[in-house]
Each structure stands twice: as C-alpha cells, then as structure tokens.
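Geometric and topological summary
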Amino acid sequence: MMRKNIYQLLNEVETDFREYEQTELSSREKDYHKQKVLMEVRRMENKVKKNRKVWKVAAGVAAACAVTVGAASIANPVLAEELFSSVFGNLVENAQGEKYEQEDTERYTKIGKSSTSVEDEVAKQPEQGSYVTTMENNGVTVSVSDVYCDGYVLYYTATVKTDNEGLNKADGMVVETKEGQSPTISVDGAQLSGYASKAFEKSKDGSFVTINQIDLIAPTDAQEKPMDLKVGEKDTMVVDWEVKQFVGYLWDQWDESGEYASTGKVEGDWHLRFPVTIDKSGNESFDINKEENGIMVKSAVKTKAGLVVEVELPDFTRAPYNDPYNDPDMGIKDSEGNWLQWMNQKADMHEDGTSTMQIMVLYDGEKDLTFEVVSKDEEPVTFASIGFQVP
C-alpha cells in the first residue's frame, strides 16, 4: 500500500473554516513554517485553504494557488508588449493598506530592482529553443513578465488579462489543474514540487498579477524527493509553466462549505516557456565561524537580493536544550532586533540528530546582523544570539 504524505492526509481533513478566526501571518512566518514542515517531513522520510496572502507550497497541497499550462494557443507579441513591465508596481500597489504592507513592499521592491524582463532573457538566449511568454486561450491571456535568479532562488512575475465576466468580478484568481490538484512546473525538463506561489490579485488597471518562487537550494521532484538541478554547473535554465484552469474568488465572501465564494472559472490550455539567466555576478561569499552554546554560524553568501547563511545545529531534544520537538524559533535579525524576511531554506539532517542548514533571508545592505535561536516555551530561552558582520 502506498503511504500517504502529510499533504494528502491534511487534504482529507474536513474543516469548516467559518468556525475559526482568520489569522494572517507575516511573510517570514509563512515561509518559516512552510520550511519547517518540509524539514520535518524529510526527517520522517515520508516526505490549505486558499488564502490570498499565503505563499502556497505547491508540493502537493490541495488548494495551492499555482497552475499547469499546456501548449495550445499562439503567443501575441502586441499583447506581450502591453503586459510586460509595471507588474512589480502593481504588486506594490496591491499591498498598500494590507496588514503586512511593509514586508510585501520590501520583498517586491528588492526583487524588482534586481530582476530582468523576460523579453531581455529571450533576447539573450535565443539559441535554447522556442519560447512562449504570452498566450491567449478561451478569453484569458497569461504573460510572464520578469525574472530574478541568483542560483539560490528564482522569482518570476505573471499577469492575467481576461474578457471573462465572471473572472473579472473576482478579487483574485488561483490556478489549478482541472482535477483541482497542485500545478505543474518544470526546470530544464525536470518537474518540480518545491515551489511556492501567490494568488493572482486584481490591480486597479483591471489586470491580475502574481509573483512565484522556485526553490533552488533544496528542490524536490514530483514525488517529493530531493533532486539536483546542477545550478552550480550552468549559467542558464528553461522554465515550463503549465496552466489548465483559472478560478476567480471573492476574498470577503464565503460559500456554504466555508471556502471563499467563487465568481467562476475558465478551463483551457496555456503553456508558457521562458529562459532564465542564473545571475551570480552579485554573489559574494565570506566566512563567519562563530559559535555559541553548540550552535555554529559558519559562513554566508550575499546575493543581489538575499543573504544565505550556513549554520551547524545540535540535536535540540538533548541537554542542555531539552526541546521535545527539536523545533526552536530561529532566524536572522538586524541591528534593531527586526527579523529579516525568510526566503528559502535547506536542511541536511545527520544520523546523530544534528543538522547543517542554509537559511536565505531578504537582504538590503544591513551590516550588523544576529543569528538567533530561541525556544518556544512560555518563558522563551535563548539558545544562541550570535552577532556577525556582512562585509
């Protein structure tokens, strides 16, 4: 009998979310908890509700806001010219007035400044094959606009314009397969499960925009197994993004089952294919080698938009930590004690319960930082507070 993974088990739980108070998490909290779940699933070797503010884990989660796209329609270069650019501006504008406006704005602004247009990517890599960066089908036009890739994480933005009356009434749209399963995305022909996406949000100009993230530190294949994309051995990659269905939702209305009220859906076949330059020109490595209470901060890599810190962690279930769940809070703080936004993570578990971890955070030039590890007790215990400087 095939064992069910944690996502399949969660999908079988019947929950009426109207019985609970809706809670929004910060970007750091969302990504942190996502990576914690993945880390724990990998440890056991068995490796949600549609929420417009959650960066969905597309690795098998039932209600993921991402899509599959099949090649059927023809790219429209005129429409592509109209849709390219300004997406980051719409993302920032959509974040205004939201609870986590500052965090979202910081992320979009930092990634936007370091991104390149897909048009430029296509011009740089014409020899790699035929690309489709804009496609129309059944009255819905999808366009990939901007990309950012530093070898550790890949972001791409996308825009939807439609003449469908039901979709245009929506506050936002999610993309799914026709069976409602998680979407499909491939890098250099290898299908991934380890990526996160955000619902398309409606902008004032009538378009719907989103930004998606692909994990390059610890990617997993369609069976949730670790895979090697050999990012360190090449300078470019090709992404295939397949979409089969768009579903519109109202964020302030609920249906009888406790889900967001739908305004309609459109099924079709959209297959976008675009090249990406792995831009490591801004990457700078440096050693740290600081230890406290058995916790070691070894080194870091500064990229154009992020900071990747490598740490050695003990088995927190043992003395002197005695954390029964081996799950303390950890992250990077700036000089004012603010957590830097969590972007990505890789955790290699060792047989003795220790681990080596790479933690990637959004970085904007801060020099004095601290790696902090704190228990989740009612009266938290600080296991380590290791200060270091970024050159």
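Summary of the structure given here. Just so we're clear, the structure is a prediction, and the values are computed from it rather than from any experiment.

1. Remarks on helix α5 (residues 101-114)
- The end-to-end C-alpha distance of α5, which contains 14 residues, comes to 20 Å, matching closely the 20 Å that a straight helix rising 1.5 Å per residue would cover.
- Restricting attention to buried positions, one finds in α5 the residues Asp-104, Arg-107, Tyr-108, Lys-110, Ile-111 and Ser-114. Looking down the long axis of α5, one finds its buried residues gathered within 165 degrees of arc, a one-sided arrangement. Opposite the buried face of α5, by more than 90 degrees, sit the exposed residues Gln-102 and Lys-113.

2. Digging into unusual backbone geometry
- For the bond from Ala-319 to Pro-320, the omega torsion is 10 degrees, close enough to zero to count as cis.
- Note that Pro-320 resides in the loop between β16 (306-313) and β17 (329-333).
- Phi is positive for Asn-138, close to 50 degrees, though the residue is something other than glycine.
- For Asn-138, the location among the structural elements is in the loop between β3 (134-137) and β4 (140-149).
- Positive phi values are uncommon outside glycine, yet Asp-188 reaches one of about 50 degrees.
- Note that Asp-188 resides in the loop between β7 (184-187) and β8 (190-192).

3. As for the sheet that holds strand β21 (residues 382-389)
- Pairing within the open sheet is antiparallel, and its three strands lie in the order β17-β20-β21. At either end of the open sheet lies a strand with only one pairing partner, and these are β17 and β21. Taken over all neighbouring pairs, the strand axes of this sheet differ in orientation by 10 degrees on average, direction set aside.

4. Looking at the packing of aromatic side chains
- Scanning all chains against the criterion turns up ten aromatic pairs.
- Considering the side-chain rings of Phe-200 and Phe-246, the 6.1 Å spacing of their centres and the 65 degrees angle between planes classify their relative orientation as edge-to-face. One end of the pair, Phe-200, is in strand β10 (residues 200-202); the other, Phe-246, is in strand β12 (residues 236-254), and 46 residues separate them in sequence. Each member of the pair, Phe-200 together with Phe-246, is buried.
- Aromatic side chains Trp-251 and Tyr-260 sit 5.1 Å apart centroid to centroid with 80 degrees between the ring planes, which places their arrangement in the edge-to-face category.

Definitions and limits used
Residues numbered from 1 in each chain as written. Predicted model: local features only at pLDDT ≥ 70, side-chain atom pairs only at ≥ 80, totals over all residues. Heavy atoms only, no water. Helix = DSSP H or I, 4+ residues; strand = E, 2+ residues; numbered from the N terminus. Expected span 1.5 Å × (residues − 1). Buried < 20%, exposed > 50% of the residue type's maximum accessible area, 1.4 Å probe, protein only. Arc of directions from axis to C-beta. Pairing = 2+ DSSP bridges. Axes fitted to C-alpha atoms, helices over the stretch in contact; angles between N-to-C directions. Phe/Tyr/Trp six-rings, centres within 6.5 Å; stacked < 30°, edge-to-face > 60°.

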